[in-house]
2 protein chains.
Amino acid sequence: MAKRTFALGIDYGTESARALLVDVSSGEEVATAVYEYSHGVITERLPGTRTRLPAHDWALQDPMDYLRALDETVPKCLRLAKVKGDQVIGIGTDFTACTMLPVKADGTPLCTLKEFRANPNAWVKLWKHHAAQPEADRVNQTAQRLGEPWLRRYGGKISSEWFFPKALQILHEAPEIYHAADRLIEAADWIIWQLTGRETRNLCTAGYKAIWSKRDGFPRREFFAALHPDFADVLDKKMSRDIRPLGARAGGLTERMAKRLGLAPGTAVAVGNVDAHVAVPACTVTSAGKMVMIMGTSVCHLLCGTEEKEVPGQCGVVEDGILPGLFGFEAGQCAVGDIFAWFTRTAVPPEYHAEARKRKETVHDLLARKAAAYRPGETGLLALDWWNGNRSVLVDADLTGLTLGMHLGTKPEEMYRALIEATAFGTYKIIRTFEESGVAVEEIYCCGGLPEKNDLLMQIFSDVTGRRFRIARSRLACALGSAMHGAVAAGKAAGGFDSIREAAARMAGVRKKTYKPDPKAHAVYDKIFAEYDTLHDYFGRGGNDVMKRLKTLKGVR
Amino acid sequence: MAKRTFALGIDYGTESARALLVDVSSGEEVATAVYEYSHGVITERLPGTRTRLPAHDWALQDPMDYLRALDETVPKCLRLAKVKGDQVIGIGTDFTACTMLPVKADGTPLCTLKEFRANPNAWVKLWKHHAAQPEADRVNQTAQRLGEPWLRRYGGKISSEWFFPKALQILHEAPEIYHAADRLIEAADWIIWQLTGRETRNLCTAGYKAIWSKRDGFPRREFFAALHPDFADVLDKKMSRDIRPLGARAGGLTERMAKRLGLAPGTAVAVGNVDAHVAVPACTVTSAGKMVMIMGTSVCHLLCGTEEKEVPGQCGVVEDGILPGLFGFEAGQCAVGDIFAWFTRTAVPPEYHAEARKRKETVHDLLARKAAAYRPGETGLLALDWWNGNRSVLVDADLTGLTLGMHLGTKPEEMYRALIEATAFGTYKIIRTFEESGVAVEEIYCCGGLPEKNDLLMQIFSDVTGRRFRIARSRLACALGSAMHGAVAAGKAAGGFDSIREAAARMAGVRKKTYKPDPKAHAVYDKIFAEYDTLHDYFGRGGNDVMKRLKTLKGVR
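What you are looking at is a predicted structure, and each value in this text was computed from that prediction instead of being measured. (Residues numbered from 1 in each chain as written. Chains lettered and ligands numbered in written order. Predicted model: local features only at pLDDT ≥ 70, side-chain atom pairs only at ≥ 80, totals over all residues. Heavy atoms only, no water.)

Topic: the pattern of salt bridges
Residues and elements named next belong to chain B.
Okay, step 1: Counted under the stated rule, the structure contains 74 salt bridges over all chains.
Okay, step 2: Notably, a salt bridge pairs Glu 148 with Arg 220, separated by 2.6 Å at the nearest N-O pair. Placement of the pair is Glu 148 in the loop between α2 (133-146) and α3 (163-173) and Arg 220 in the loop between α6 (203-209) and α7 (221-227), with a sequence separation of 72 residues.
Okay, step 3: Judged by relative accessible area, Arg 220 falls into the partly exposed class, the value being 39%. (Salt bridge = Lys/Arg side-chain N within 4 Å of Asp/Glu carboxyl O. Helix = DSSP H or I, 4+ residues; strand = E, 2+ residues; numbered from the N terminus. Buried < 20%, exposed > 50% of the residue type's maximum accessible area, 1.4 Å probe, protein only.)

Structure follows, in structure tokens:
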């Protein structure tokens, strides 16, 4: 019998990192381990210093947490599965993005150096660091003024979460950090550098977060110069124009790192990748027209098409950005599971909590069970799912939540159902916007925490969108997707695969249970969606900017 | 020393009746007693029968409960205060309206007769019986078609709660009851008949609920004939055209009733009155321009003016309907305290309830305390107070509640505050509509359960409306107002008063504490009210009838 071979996937999330060891021949997940970052998300005070962060929209991380995650999880997986280091043929990783940091020429993060430790701009800016909004505004205004052609690929707007606003914030607020940095780099690429000893840049973050495209490369020097004179050479002085495709071998594991983790030196390491994007092939999706939804606190929608299309309010379109040979589209809802969590935390009365305890179920289960007794439309309620703004289609962080239809007999489970329906309408709006723009959405595949937790939610999403929903077999689709990319980096000769499609055919799968739309329910929901759509445009496209005006009034004394 | 003299007020509410014994010379409230109706509000099954009510919008009562209330409360008040029956010089009553019943020529309610007992249409139709909506629609359509001039006095719409829709429902559904009835009568007048042995009709219910006016009388015969041939003579066959002014002496207490209650035969009894209207002089208000708000589960707004004006969406204008010599206007909000009760019951999490228990306060107190820490506008929330439809200004029962501005950090106390603000905006809209129609609202007087319970609410109402709020001294303003009318019915010669103004000067009062608007808060609220107003018109005046369409979809299978 041939020796079993494995691939290792490491999924760097917001609060923790997870390693997953997967049998390359079957996709069997043989061991997993999690590390909660010791400094988590830094929002108040820099670790080991007295420095308070300047404002509430800051969100930083400690890059050393990413290395500690490797130390804690990789050896543990090997131990748990009784797998020897040399049985692991490839390593893949995925990261939140844009999560970026300034480093020295040898990869040393500036925040680890004593002289910069107390400077917030020396630390990792996490994806949800929103303090670079003035810089994002400047990027957008400048791009519009100069008529930059790439703006349309990003739905007409660059987010404050992305690479250049964050880089520009460092230059604006801490020029000494900017000038001391030899490199500004995505954490997704930095971790690969640590594993292989070589700096590489991956196509996914470059395309979705740093305005790069296979055909046009990065924006021109004049654009960067217009943002700030010292920013003119940001590409050549702080970054790299050498962008590698997904699944490419970034290099082999260094001797030092191999020893530290109990793996073989030279083990293939794939170039960096992004958590949502890497999940697509882990859901078995390797072709156009199949939308993958990563459903958790928020929802990411990933979809491939055969042509570049301009889709209003999408997060971006990147050639080869998800799967080679296809145009990858990304859209998203800022809050989904987060809305249900807000509701159960703040708006459910004591007797519901008591009943859930008595029945040994979660409050979510209880609400879903009660809400399932209602027919579509029976609650008379309608909500707009904007508790954390709208990422797609409107791209407007200043929008807020709305519910209507309440009467004196309205029950918590009805409100809960209305919120689920609202998030489903949000997804449906995204689907329809893709289709109206010429990008087909034929089937839907899901992964993440929500689908297996909430049967009602899945059925409502299916009924609202009128589409069958399939669910990834793996509960850890991101880590599995990373392991698959690791197996591709290893290549067929080393026991892996020559393409992500081959890896998906062997290592990925979906569950037997699918959710099929009930045509009657869909017909009712189509009527309610028309109401959602009217309110969406009224409150979201300037019919009535009351949500923004109320936000402005919050600060009035 | 002269013998102290007293007046007795009896306030017939929805769930109970309350008697109050008041010193005529000082207004001192010397004793009170409550009787909860033994059959309460009948919504499911007729008492002592197997008859189920036909639908959910039925609400009936047992007239015997009104007599039992007298038996239980009047002797108790005398006993508690150690007052002799002959010290009581006058009796006044007030009732919910329109609350009506079919009776025989001697006043016997049809529902007390064996042959009619199982027929729902033989029972008292309570004010909130809403099953006569088809009849109300017919009344409105017919009045419009025939161009009836009185329609404009009622904001252009007759409610299903009022007298003729209810009477017509009896004729439509139970012609045998209609024909067996010698009289159709307001419970407010029926109870006076029981006390005095004489049928009288009071101006207040006739004016506000039965389309009567001092100048034009009732609608013409042709109108009633157009509703139904058998309805043509409803006035002369089932009612009375002899309408008595408020405070008039209906008669003296019968021997039999005097004995039963422990009072003196011949004691003056005032003609019937309505619970909200009778409270106006009990708040010391006896002139134009001073709005009285009876604030509880719902809010009634009563206001007198010197001219008849057409005010959009008011409940009605009746000359002498509240105070003699003035035009009485009525408006209302269908749900106020009810909305806060809904919120605390269904949308407040366990830890808030636990904290309230620990601090020995109500959940309302806790929410109000926490909500008071916010500045106007600080929550970023806005609501429409239509949890039970809109009575004024839109007169539309099919409107529903709305909240917007929620985000993932929104707290229960913020929602609570937004709901209070919404009800204050609803009152402000009513005030502005009066003023835009030429009826001045200079000062505001309050009574009812809410004002003394919720300091924050009163301050917000004052800040939103920009007006000083005074509160009636009495916690039982309706019963006090009835007692005052009893003292007027007795007249000066018998130790009472010759006018309600004299009675108010002696027996009524307001508290020292008033609520004055903070100009800064009012300025912010004016901006938020502009937003409320825009949404009010958008959702309430046909800009977007989503609330109604959602209501229609509730029934779709």
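Right, picking up where we left off after that structure.
Brief notes about the sheet that holds strand β1 (residues 6-12) of chain A
Residue and element names in this part refer to chain A.
Okay, step 1: Across the sheet, which stays open at both edges, the six strands sit in the order β3-β2-β1-β5-β12-β11 with mixed pairing between neighbours. Where the open sheet ends on each side, the last strands, each with one partner, are β3 (29-36) and β11 (249-252). Between one strand axis and the next, the sheet turns by 20° as a mean value, whatever way the strands run.
Okay, step 2: Looking at chain direction, strand β2 (residues 16-23) and β3 are connected through seven bridges and run antiparallel. (Pairing = 2+ DSSP bridges. Axes fitted to C-alpha atoms, helices over the stretch in contact; angles between N-to-C directions.)

Brief notes about the interface of chain B and chain A
Okay, step 1: With 51 residues of chain B at the interface, the matching set in chain A holds 51 residues.
Okay, step 2: Summing both partners gives a buried area of about 4300 Å² for chain B against chain A, and 62% of it is carried by carbon and sulfur.
Okay, step 3: For Glu 531 of chain B, the salt bridge is made with Arg 549 of chain A, and the minimal N-O distance between the two is 2.5 Å.
Okay, step 4: For the side of chain B that touches chain A, the elements supplying multiple residues, two or more each, are α11 (337-346), α12 (350-358), β18 (401-406), α19 (519-540) and α20 (546-554) of chain B.
Okay, step 5: Per-element tally for the side of chain B that touches chain A: the top contributor is α19 of chain B, with eight residues.
Okay, step 6: When its residues are assigned to classes, the side of chain B that touches chain A shows 26 nonpolar, 15 polar and ten charged.
Okay, step 7: Note that strand β18 (residues 401-406) of chain A and β18 of chain B share five bridges and pair antiparallel. (Contact = heavy atoms within 4.5 Å. Buried area = accessible area lost by both parts, 1.4 Å probe. Nonpolar A, V, L, I, M, F, W, Y, C, P; charged D, E, K, R; others polar.)

Some thoughts on the packing of helix α19 (residues 519-540) of chain A against α20 of chain B
Okay, step 1: Two elements in contact, α19 of chain A and α20 of chain B, have axes whose closest approach is 11 Å; the angle formed by their N-to-C orientations is 165°. Overall, the two elements α19 of chain A and α20 of chain B adopt an arrangement that is roughly antiparallel. Regarding α19 of chain A and α20 of chain B, the two cross each other, and that crossing is left-handed. Touching Lys 527, Ile 528 and Glu 531 of chain A of α19 of chain A are Val 546, Arg 549, Leu 550 and Leu 553 of chain B, all from α20 of chain B. (Parallel < 35°, antiparallel > 145°, perpendicular 65-115°, else oblique. Left-handed = near helix turned anticlockwise from the far one by under 90°.)

Comments concerning the confidence of the model for chain A
Okay, step 1: Mean pLDDT over chain A works out to 96, with 99% of the residues at or above the 70 mark.
Okay, step 2: Scored as a complex, the prediction yields pTM 0.93 and ipTM 0.93. (pLDDT = per-residue confidence, 0-100.)

With respect to the packing of helix α14 (residues 412-436) of chain B against helix α16 (residues 455-465) of chain B
Residues and elements named next belong to chain B.
Okay, step 1: Orientation of α14 relative to α16, taken along the N-to-C sense of each, is 45°, at an axis distance of 9 Å. Relative to α16, the element α14 is oriented oblique. α16 is crossed by α14, and the crossing has right-handed handedness. Residues Arg 417, Ile 420, Glu 421, Thr 423, Ala 424, Phe 425, Thr 427, Tyr 428 and Ile 431 of α14 form the contact with α16, whose participating residues are Leu 456, Leu 457, Ile 460, Phe 461, Val 464 and Thr 465.
Okay, step 2: By residue class, the composition of the contact of α14 with α16 is ten nonpolar, three polar and two charged.

Let's talk about the packing of aromatic side chains
All names here are of chain A.
Okay, step 1: Inspection of every chain in the model, using the stated rule, returns 49 aromatic pairs over all chains.
Okay, step 2: Measuring from centroid to centroid gives 6.0 Å for Phe 425 and Phe 529, while their planes differ by 50°, and the two rings are tilted. Within this pair, whereas Phe 425 is found in helix α14 (residues 412-436), its partner Phe 529 is found in helix α19, the two being separated by 104 residues in sequence. The pair Phe 425 / Phe 529 is uniform in exposure class, with both members buried.
Okay, step 3: A connected cluster of aromatic rings, assembled from ring pairs, spans Trp 150, Phe 163, Phe 164, Tyr 178, Phe 223, Phe 224 and Phe 231. (Phe/Tyr/Trp six-rings, centres within 6.5 Å; stacked < 30°, edge-to-face > 60°.)

Overview of the environment of Arg 153 of chain B
All names here are of chain B.
Okay, step 1: With respect to the helices, strands and loops of the structure, Arg 153 is situated in the loop between α2 and α3.
Okay, step 2: Judged by relative accessible area, which is 4%, Arg 153 ranks as buried.
Okay, step 3: In this structure the C-alpha to C-alpha distance between Arg 153 and Ala 494, which are 341 residues apart in sequence, comes to 38 Å.
Okay, step 4: When neighbours within four sequence positions are excluded, Arg 153 is seen to be in contact with Ile 211, Trp 212, Ser 213, Asp 216, Glu 308, Gln 314, Gly 316 and Val 317.

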